[in-house]
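What follows is the residue order along each chain.
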Amino acid sequence: MPADVEEALASAREALKEVREAVIELAERGHHSAAVELLASTVEKAFSQLGEAMVRSVVELRKSLEEERRLRQALEGRVGRVEGLLVERDVADRLAAWFERKAPEYEVIRWFRTGADVLIEGRGVFAAVEITVRPGLEDVEQLRVGVGALENAWGKRPNLLVIWSESGLVPEHVVREADRAGIRIAREPRELKALLDEVVSGGGR
């Protein structure tokens, strides 16, 4: 029980204890209405104080729960960002190793800055790859607006934009938006290489 509620209860008990003898004395003298009035007044005051204490307690509890919720959301957000970074690094390392073995004509550059997580160069292709577990509209937008930053940093504009879905899942609305933005989607290294080869052969968008 909250301390302020316990204090209000203790105060109520003490107040009732203090008026007990006065109420008994008034009743014994035949002043029944005065006794009832004194008892009612004391009880009303005690309940009023208890009610106020309970309201304060509820308000404080609500504040505490809200703060706990904010802290939990902040923590979940940080954990999510850390998990995302770990996924990005892992995928980038796997792509670099795969392309080094299977398609050395393409160089995988671990970028992890504005515009993309991974860049791929080779055979006239300059691709920007955004890595995510399950693509969302924010990934489409981030890749789309990051083109300018990449152009400033590298002196050339990417001719292939790719979102990598580590889970292999891509919501339909994201597919539609990516298609409108001219962004391709890959789920495995061979699929990504096929997109690169498509640009080389002149079939890219």
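Residues numbered from 1 in each chain as written. Predicted model: local features only at pLDDT ≥ 70, side-chain atom pairs only at ≥ 80, totals over all residues. Heavy atoms only, no water.

### Re the packing of aromatic side chains
Part 1: Going through the model one piece at a time under the given rule, you end up with four aromatic pairs.
Part 2: Taking 5.0 Å as the distance between ring centres and 75 degrees as the angle between the ring planes, the aromatic pair formed by Trp98 and Phe99 counts as edge-to-face. Take Trp98 and Phe99: they sit in the same class, and that class is buried.
Part 3: The interplanar angle of 50 degrees and the centroid separation of 5.8 Å between the aromatic rings of Phe126 and Trp154 together place this pair among those described as tilted. Placement of the pair is Phe126 in strand β3 (residues 125–132) and Trp154 in helix α4 (residues 147–154), with a sequence separation of 28 residues.
Part 4: A residue is classified by how much of its surface remains accessible, and Phe126, at 3% relative accessible area, is buried.
Part 5: Taken together, the ring pairs in this structure connect Trp98, Phe99 and Tyr106 into an aromatic cluster.
Part 6: For the cation-ring pair, Arg113 lies above Trp111, with the distance from its terminal atom to the ring centre recorded as 4.5 Å.
Part 7: Lying across the ring of Phe126, Lys156 places its NZ or CZ 4.9 Å from the centre. (Phe/Tyr/Trp six-rings, centres within 6.5 Å; stacked < 30°, edge-to-face > 60°. Buried < 20%, exposed > 50% of the residue type's maximum accessible area, 1.4 Å probe, protein only. Helix = DSSP H or I, 4+ residues; strand = E, 2+ residues; numbered from the N terminus. Lys NZ or Arg CZ within 6 Å of the ring centre and 35° of its normal.)

### Concerning the side chain of Thr132
Part 1: In this structure, Thr132 sits in strand β3.
Part 2: In contact with Thr132, other than residues within four places in its own chain, are Asp139, Ile163, Trp164, Ser165 and Glu166. (Contact = heavy atoms within 4.5 Å.)

### What about the environment of Arg89?
Part 1: Tracing the chain through its elements places Arg89 in helix α2 (residues 32–102).
Part 2: The class for Arg89 is partly exposed, based on a relative accessible area of 46%.
Part 3: A C-alpha to C-alpha distance of 8.3 Å links Arg89 and Arg110, two positions 21 residues apart in sequence.

### Details of the pairing of β3
Part 1: Buried residues dominate β3, accounting for eight of its eight residues.
Part 2: As paired strands, strand β2 (residues 116–122) and β3 are joined by five bridges and run antiparallel to one another. Within β3, the residue paired with Leu119 across the bridge is Ala128.
Part 3: Both β3 and strand β4 (residues 160–165) contribute to a ladder of six bridges, which runs parallel. Bridge pairing in β4 links Val129 to Val162. (Pairing = 2+ DSSP bridges.)

### What about the sheet that holds β4?
Part 1: Reading across the sheet, the five strands line up as β1-β2-β3-β4-β5 and stay open at both edges, with mixed pairing between neighbours. The strands lining the two open edges of the sheet, one partner per strand, are β1 (107–113) and β5 (184–186). Pairwise comparison of adjacent strand axes, ignoring direction, gives a mean angle of 30 degrees for this sheet.
Part 2: Pairing of β4 with β5 involves three bridges; the strand directions are parallel. Bridge pairing links Val162 to Arg184 in β5. (Axes fitted to C-alpha atoms, helices over the stretch in contact; angles between N-to-C directions.)

### What about the nonpolar core?
It is characteristic of soluble globular proteins that their nonpolar side chains tend to be buried jointly.
Part 1: By size, the foremost hydrophobic cluster in this structure holds 25 residues, and its most contacted members are Phe99, Ile120, Val129, Ile131, Trp164, Leu192 and Leu196.
Part 2: Contributing elements (two or more residues each) for this core: α2, β1, β2, β3, β4 and α6 (189–200).
Part 3: Broken down by element, the residue count for this core peaks at seven residues, all from α2.
Part 4: Beyond its immediate sequence surroundings of up to four residues, Val129 is in contact with Ala116, Asp117, Val118, Ile120, Val162, Trp164 and Leu192. (Core = buried A, V, L, I, M, F, W, Y, C linked by side-chain atoms within 4.5 Å.)

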